[in-house]
Amino acid sequence: MSARHWLALFVALVLLAPLALPEFTVTLLNYIGLYALVALGLVLLTGIGGLTSFGQAAFVGLGAYTSAVLTTSTTLPPWLAWLGTSTWLTLGAGLVLTFVFALAIGLLTLRLSGHYLPLGTIAWGISLYFVFGNLELLGGFTGMTGLPPIAVFGHALTGGREIFYLIWLFLLVGVVATSNLLDSREGRAIRALRGGRVMAESMGVDTARSRLVIFVLAALLASVSGWLYAHMQRFLNPTPFSINVGIEYLFMAVVGGAGHVWGALLGAAVITVSKQWLQDVLPRLVGQAGNFEVIVFGIAMIVVLQRAREGLWPALARWVPTRAAPRRVDTGAAALERRARPAPGQALLDIEHVTMRFGGLVAVHDMALGVAAGEIVALIGPNGAGKSTTFNIISGVLAPTEGEIRFLGQALRGKSARQIAALGISRTFQHVKLLPQMSVLDNVAIGAHARANPGLLRGVLAGAWHLERRLEQRLLAEAARHIERVGLGPHRFEPAGALPLGKQRLLEVARALAADPCLLLLDEPAAGLRYLEKRALAELLLELKAEGISILLVEHDMDFVMGLVDRVYVMDFGQKICEGAPEEVQRDARVVEAYLGGVE
Ligand code: ADP
Ligand code: MG
């Protein structure tokens, strides 16, 4: 069966469920649907974006309380009171408020990195919970009652069987829209977060923006869940919005499989059902009342993190035979615009007096180097000479301690890696940085990310509704072209992590080319390649040169460098010891000394 068939089967089951199942089970399914909506946000945020949040329950509360206050309070000013006439208006109000809150909280906390970010989410999660509990307007810890049911075309959804369809419709739309989004240009930028900020920013992805996008989307999903919950229960108190519940949501996403949209539903179902069951069984086993399930969940969490980090979804998906939809790339898609190339011979890159200190270590000292348009230049030297550090300085990954770097007459110092990429410098990494689970095609398309920008709102909305196809096809066709060029054509749809290391380096070359650079920085591109592959790479580099792309490359294999490059710079201990034509450099006594003393 294809994925589409499974989806149809799933929809059919959802449609039939309330007709066939007892009231108790339908209520349980309602809760599963509500929890799954929140867990879906966490899949996006944590599983795919790598940002852990313990605070999602607070956003559920924001959606719930906004709607509750607007529909029940009698003391609101008239300009607010009219919103309370329809639960659909209050849904909108809740979403707007959540958007504003999430944007503000996101701007404040997303700058934190490492474990400071999860700690930050705990902080605002707890704060909002106490706001809910202490505001008199919200009924304090006793809460609010008398919430109206949601009405659809004048019909009030009072029973569990009625609201069931609405909950599951929201969930289904959420899951489909999220998975569409992840397949779009904007989604690739989100998935690129996992490859590390250095790689993503060097490829022109605005990682701060992607982080904010998923944070806000996850909050909005939670807010919708809160609205549905409030009008299903028709009373509210702060308990379901506490940090404990926030931890439970995260647990659901992790157990289900935080890297997969359907993992959210699976996790919500498994946790909800087993909690129900444990609450029944454990007190009888122990012989006294108590929340013993919490202990079991704690142990289960540790087991999952140790044994099945990917969660249950991948295990389930293995058992369910799915025919993958045939993937194709429309090679006829309109080509992306290319940037103008500088005239051959024009000064392209110039670095002067560049020094880089890491604490007491001087990795690069008073380095100078230049590349003219249309040249291939090699930077060689023993291990630890400072070559990769020089690359990191040029590409904006590192800020030099001292020195000047100019590219096409512009000073690069103080510019971010993304700004430098936008100017037309693209690079590969000595230690490959790619997304092993993503296809070769998607990995390379990240390189072309910045060449087409439909804008944030359009990007997100069009991605979620699959309206972005033409742009997406142009990006993929561009990526496919470069994959073909570096000789990875047959591996296009394979996960990048399955390639041998040499081919992963070629993938990085294709990704860099997809950015349409004027200057290509290649850090040991031929390492791990076989003889014939090296020859093919050298030919490709000469072709690129003929097309007006300039290349600066780090390489150890002198034979590879000799027939290929116009000039060579030799570094040792952070300093330039020699420069010139390849034959001159090879004869230079200082170079022989550096190599014999350094490597042999
Ligand atoms: P190469 O690429 O020529 O082999 P590198 O530029 O990677 O050399 O490294 C030059 C020196 O700088 C090495 O001694 C290395 O250990 C040090 N170095 C590189 N990056 C860092 C860093 N981020 N922090 C501290 N030391 C570093
Ligand atoms: Mg290096």
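Before reading on, note that the structure itself is shown above.
All figures in this text were calculated on a predicted structure; none of them were measured in a lab.

Side note on the nonpolar core
- The biggest cluster of nonpolar side chains holds 93 residues, and the ones touching the most others in it are F59, W168, F215, L228, L236, F241 and Y249.
- If sequence neighbours within four positions are ignored, W168 has contacts with F10, V14, L29, N30, I32, G33 and L265.
- Counting 55 residues, the second largest nonpolar core, distinct from the first, contains L507, A510, L522 and I549.

Let's talk about unusual backbone geometry
- Not every positive phi belongs to a glycine, and R234 is a case in point at roughly 70°.
- Positionally, R234 belongs in the loop between helix 10 (207-233) and strand 4 (235-236).
- R234 sits in the partly exposed class, given a relative accessible area of 32%.

So, the site of ligand 1
- Near ligand 1, the surroundings consist of F358, L361, A363, N383, G384, A385, G386, K387, S388, T389 and Q430.
- Contacts to ligand 1 include A385, whose backbone N or O atom sits 3.2 Å from an oxygen atom.
- Within the contact set of ligand 1, an oxygen atom lies 2.9 Å away from a backbone nitrogen or oxygen of G386.
- Compared with its free state, where it exposes 560 Å², ligand 1 has 60% of that area covered by protein.
- Within the residue set of the shell around ligand 1, elements represented by two or more residues are strand 6 (361-372) and helix 15 (387-394).

Brief notes about the coordination of the magnesium ion (ligand 2)
- The protein atoms that coordinate the magnesium ion (ligand 2) are S388 (OG) and Q430 (OE1), at distances of 2.0 to 2.1 Å. One end of the pair, S388, is in helix 15; the other, Q430, is in the loop between strand 10 (425-427) and helix 17 (440-447), and 42 residues separate them in sequence.
- By relative accessible area, S388 is classed as partly exposed at 21%.

Overview of a nonpolar patch on the surface
- Together, L169, V173, L457, L461, W465 and L467 give the surface a local cluster of nonpolar side chains, amounting to about 640 Å² of exposed area.
- The set of elements that each furnish at least two residues to the nonpolar patch consists of helix 7 (160-182) and helix 18 (456-464).
- The residue V173 is located in helix 7 in this model.

Comments concerning the packing of helix 3 (residues 56-72) against helix 5 (residues 87-109)
- Two numbers describe how helix 3 lies on helix 5: the axes approach to 8 Å, and their chain directions differ by 140°. As the angle between them shows, helix 3 and helix 5 are arranged oblique. Remark: the crossing between helix 3 and helix 5 carries right-handed chirality. For the pair formed by helix 3 and helix 5, the contact residues are F59, L62, G63, T66, S67, L70 and T71 on the first element and T87, T90, A93, G94, L97, T98, F101, A102 and I105 on the second.
- Considering only residue class, the contact of helix 3 with helix 5 consists of eight nonpolar, eight polar and no charged.

Comments concerning the pairing of strand 8 (residues 402-407)
- Residues G403, I405 and F407 of strand 8 are buried on one face, while the alternating residues E402, E404 and R406, pointing to the opposite face, are not.
- Relative to strand 8, strand 5 (residues 347-358) is paired through five bridges, and the arrangement is antiparallel. Looking at strand 8, one finds that I351 is bridged to I405.
- Strand direction decides the pairing type here: strand 8 and strand 9 (residues 410-411), joined by two bridges, are antiparallel. Looking at the pairing, F407 lines up with Q410 of strand 9.
- Counted along the chain from strand 8 to the antiparallel partner strand 9, the turn is two residues long, and its residue L408 has a positive phi close to 50°.

Quick notes on helix 17
- Taking burial as the measure, the eight residues of helix 17 include eight buried ones, the bulk of the element.
- Along helix 17, the residues that are buried comprise V440, L441, D442, N443, V444, A445, I446 and G447.
- Lining the buried residues of helix 17 we find helix 8 (185-192), helix 19 (469-485) and helix 20 (501-514).

Quick word on the sheet that holds strand 5
- Spatial ordering of the open sheet is given by 6-5-8-9, a layout of four strands whose pairing is antiparallel. The sheet is open, and its two borders are formed by strand 6 and strand 9, each paired with just one other strand.
- Contacting strand 5, strand 6 and strand 8, helix 15 crosses the sheet at an angle of about 115° to strand 5.

Section: the pairing of strand 7 (residues 376-380)
- Counting buried positions over the five residues of strand 7 gives five, a clear majority of the element.
- Taking every second residue as pointing to the same face, both faces of strand 7 are buried, with I376, A378 and I380 on one and V377 and L379 on the other.

Considerations on the sheet that holds strand 13 (residues 567-572)
- With respect to topology, six strands assemble into an open sheet ordered 10-11-12-7-13-14, the strand pairing being mixed. Across the chains shown, the open sheet's two edge strands, defined by having one partner strand only, are strand 10 and strand 14 (575-580). Mean inter-strand twist for the sheet, computed between neighbouring axes without regard to direction, equals 20°.
- As paired strands, strand 7 and strand 13 are joined by four bridges and run parallel to one another. Following the sheet pairing, I380 is matched in strand 13 by V570.

Things to note about the side chain of T389
- Within the fold, T389 resides in helix 15.
- Once residues lying within four places of it in the same chain are set aside, the contact partners of T389 are M356, F358, A363, V364 and L398.

As for the packing of aromatic side chains
- On inspection of all chains with the given rule, the structure shows 19 aromatic pairs.
- Ring geometry for F10 versus W262: centroids 5.2 Å apart, planes at 75°, classification edge-to-face. Here W262 lies in helix 12 (residues 261-286) and F10 lies in helix 1 (residues 3-20), a separation of 252 residues in the sequence.
- Where F164 meets Y165, the ring centres are 5.5 Å apart and the plane angle is 85°; that geometry is what we call edge-to-face.
- Of the residues examined, Y165 reaches a relative accessible area of 31% and is grouped as partly exposed.
- One aromatic cluster in this structure is built from F10, F164, Y165, W168 and W262.
- If you follow K433 out to its NZ or CZ, it ends over the ring of F429, 5.4 Å from the centre.

Structural notes on the pattern of salt bridges
- Using the criterion set out here, one finds 25 salt bridges in the structure.
- Residue R511 pairs with E508 through a salt bridge whose shortest N-O separation is 3.0 Å. Pair noted here: R511 and E508 are both in helix 20, with a separation of three residues, about one helical turn.
- For E508, a relative accessible area of 1% puts it in the buried group.
- Three or more residues joined by partner-sharing salt bridges are found here, namely R188, R191, D442 and E472.

Cut-offs and rules
- Think of each chain on its own: its residues are numbered from 1, step by step along the sequence as written.
- Here every chain gets a letter starting at A, and every ligand a number starting at 1, in the order they are written.
- Two thresholds apply to this predicted model, a pLDDT of at least 70 for residue-level local features and 80 or more for giving and counting side-chain atom pairs, whereas whole-chain, interface and lining totals are computed over all residues.
- Only heavy atoms go into the side-chain values, all of them from the structure, while hydrogens and water stay out.
- For the purposes of this section, nonpolar cores are sets of buried Ala, Val, Leu, Ile, Met, Phe, Trp, Tyr and Cys residues that join through side-chain atoms within 4.5 Å.
- Three labels apply to residues, based on accessible area from a 1.4 Å probe with only protein chains included: buried if under 20% of the type maximum, exposed if over 50%, partly exposed otherwise in between.
- The criterion used for residue contact is that any of the two residues' heavy atoms lie within 4.5 Å.
- Numbering of helices and strands starts at the N terminus; helices are DSSP runs of H or I of at least 4 residues and strands are runs of E of at least 2.
- Any residue with a heavy atom lying within 4 Å of a molecule or strand is counted as near it.
- Under the rule applied, a polar contact is a pair of N or O atoms within 3.5 Å (in protein, one hydrogen donor and one hydrogen acceptor; residues adjacent in sequence only if both atoms are side-chain atoms).
- Note on areas: Shrake-Rupley with a 1.4 Å probe; residue coverage comes only from the protein chains shown.
- Counted as coordinating are nitrogen, oxygen and sulfur atoms within 2.8 Å of the metal, or 3.2 Å for Na, K and Ca, while water is not included, which may make sites look incomplete.
- Here a patch means residues that are over 30% exposed by relative accessible area and free of salt bridges, tied together within 9 Å if like-charged and within 5 Å if nonpolar (Val, Leu, Ile, Met, Phe, Trp, Tyr).
- Salt bridges, as used here, are contacts in which a Lys or Arg side-chain nitrogen is within 4 Å of a carboxyl oxygen on Asp or Glu.
- For helices, the axis comes from a line fit to the C-alpha atoms of the stretch in contact; other axes are also lines fit to C-alpha atoms, and the angle between any two N-to-C directions lies between 0 and 180 degrees.
- Should an angle lie under 35 degrees it is considered roughly parallel, over 145 roughly antiparallel, and from 65 to 115 roughly perpendicular; all remaining angles are considered oblique.
- Crossings are sorted by hand: turned counterclockwise from the far helix by less than a right angle, the near helix makes the crossing left-handed, and turned clockwise it makes it right-handed.
- Under this grouping Gly is polar, as are all residues other than the nonpolar Ala, Val, Leu, Ile, Met, Phe, Trp, Tyr, Cys and Pro and the charged Asp, Glu, Lys and Arg.
- One bridge is not enough; two strands pair if DSSP finds at least two bridges between them.
- The criterion for an aromatic pair is that two Phe, Tyr or Trp rings (for Trp, the six-membered ring) have centres within 6.5 Å, with stacked assigned to planes under 30 degrees apart, edge-to-face to planes over 60 apart and tilted to the rest.
- Two limits define a charge over a ring: the Lys NZ or Arg CZ must be within 6 Å of the ring centre, and within 35 degrees of the ring normal.

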